[in-house]
Amino acid sequence: MEYHNPVLLHPTVDGLAIKPDGVYVDVTFGGGGHSREILKRLGPNGKLIAFDQDKDALDNVIDDPRFVLVNENFRFLKRFLRFHGHKQVDGILADFGVSSHQFDVAERGFSTRFEAELDMRMDQGSAFSAYDVVNNYEESQLSSVLFQYGELRASKGIARVICEKRKNGPIKTSDQLKEAVARFLPKHREHKILAQIYQAIRIEVNQELEVIKEFLQQSIEVLPVGGRLSVISYHSLEDRLVKRFMRNGMFEGEPEKDVFGRAEVPMKPVGKFIIPDAAEIKENNRARSAKLRIAKKL
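Residues numbered from 1 in each chain as written. Predicted model: local features only at pLDDT ≥ 70, side-chain atom pairs only at ≥ 80, totals over all residues. Heavy atoms only, no water.

**Overview of the nonpolar core**
Burial of nonpolar side chains together is a common tendency in soluble globular proteins.
Piece 1. Phe51, Ile92 and Phe215 are the most contacted members of the largest nonpolar core, which has 62 residues in total.
Piece 2. A per-element tally of this core places helix α9 (residues 190–206) first, with 8 residues.
Piece 3. Discounting residues that sit within four places of it in the chain, isoleucine 92 has contacts with Leu16, Val25, Val27, Leu77, Phe215, Ser219, Val222, Leu223, Arg228, Leu229 and Ser230.
Piece 4. Judged by nonpolar contacts, the second largest core, of 15 residues, contains Ile18, Tyr24, Ala50 and Leu93. (Core = buried A, V, L, I, M, F, W, Y, C linked by side-chain atoms within 4.5 Å. Buried < 20%, exposed > 50% of the residue type's maximum accessible area, 1.4 Å probe, protein only. Helix = DSSP H or I, 4+ residues; strand = E, 2+ residues; numbered from the N terminus. Contact = heavy atoms within 4.5 Å.)

Have a look at this one:
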């Protein structure tokens, strides 16, 4: 099964500062590119545990005694690490967003390029899909999703026309959705706005931001002092959560300070954020919005 080359492969794995006999986690296995690079750097006693809730990822399982693939959402990080006998691990890698494979398989419904049923489920076993958001949410709910997760200024208007359209029957496909919102898609910005609408619905379907928050909070609990967290995000909503958590150990507000005015934080960013160079973006256009942040546990 064809998957893209992993984004920022070497900087992301370098950020883990791998010890040959360490235990590492790749919470977004996908095509296994980052996992294979981690395994190259591990010795015979090292261990890699990978997570991916998408059953398609099972086709990419790596035949290596040091490797385990957990077919679950990484919001259950702590639970499944315990199940596999690990209270702590030396480093965790996460590459957020939708894999190229998910974008490229038309029937998954992630891409604006294809006519497909409204789906967008990363976990194909889930009963809740894009169809439910588009057809069952009240107008105010839908507007809120489009505004918060798609950062769409016209969210109220877009929600209104969707609700009007579905009075004549359910909106089942991507083409029907495009037709419903057509007046909000000027030719020079059609693809950008449609991508924002899709992003908003996809984040809602998969609870992506809540999952990221749960994952980051658990990462603190399973990393030892000096343990590394290496995270790639693809849009400002994700990156804001990662940046604040790595800097403050929280998603909103400021951390408490001790009597000397020093903030008590659980992590420290390592270096500045890293973005792909022009050569990588030319080779893989989907890397253009990637941003890598690395932190270590204090």
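**Side note on the packing of α9 against helix α10 (residues 208–222)**
Piece 1. Across the interface, α9 lies against α10 with an axial gap of 6 Å and an inter-helix angle of 55°. On the basis of the axis angle, α9 is oblique to α10. Of α10, the residues touching α9 (which contributes Arg202, Ile203 and Asn206) are Glu208, Leu209 and Val211.
Piece 2. When grouped by side-chain class, the residues that make up the contact of α9 with α10 number 3 nonpolar, 1 polar and 2 charged. (Axes fitted to C-alpha atoms, helices over the stretch in contact; angles between N-to-C directions. Parallel < 35°, antiparallel > 145°, perpendicular 65-115°, else oblique. Nonpolar A, V, L, I, M, F, W, Y, C, P; charged D, E, K, R; others polar.)

**Re the packing of aromatic side chains**
For any two aromatic rings, the description comes down to two numbers: the centre-to-centre distance and the angle of the planes.
Piece 1. For the structure on display, the rule yields 7 aromatic pairs.
Piece 2. Here phenylalanine 29 and phenylalanine 67 contribute two aromatic rings whose centre-to-centre distance is 5.4 Å and whose plane-to-plane angle is 40°, an arrangement assigned as tilted. In this pair, phenylalanine 29 is assigned in the loop between β1 (23–26) and α2 (33–41) and phenylalanine 67 in strand β3 (residues 67–70), connecting sequence segments 38 residues apart. Neither phenylalanine 29 nor phenylalanine 67 differs from the other in exposure class; each is buried.
Piece 3. On the numbers, 5.2 Å between centres and 70° between planes, the contact of phenylalanine 74 with phenylalanine 215 is edge-to-face. (Phe/Tyr/Trp six-rings, centres within 6.5 Å; stacked < 30°, edge-to-face > 60°.)

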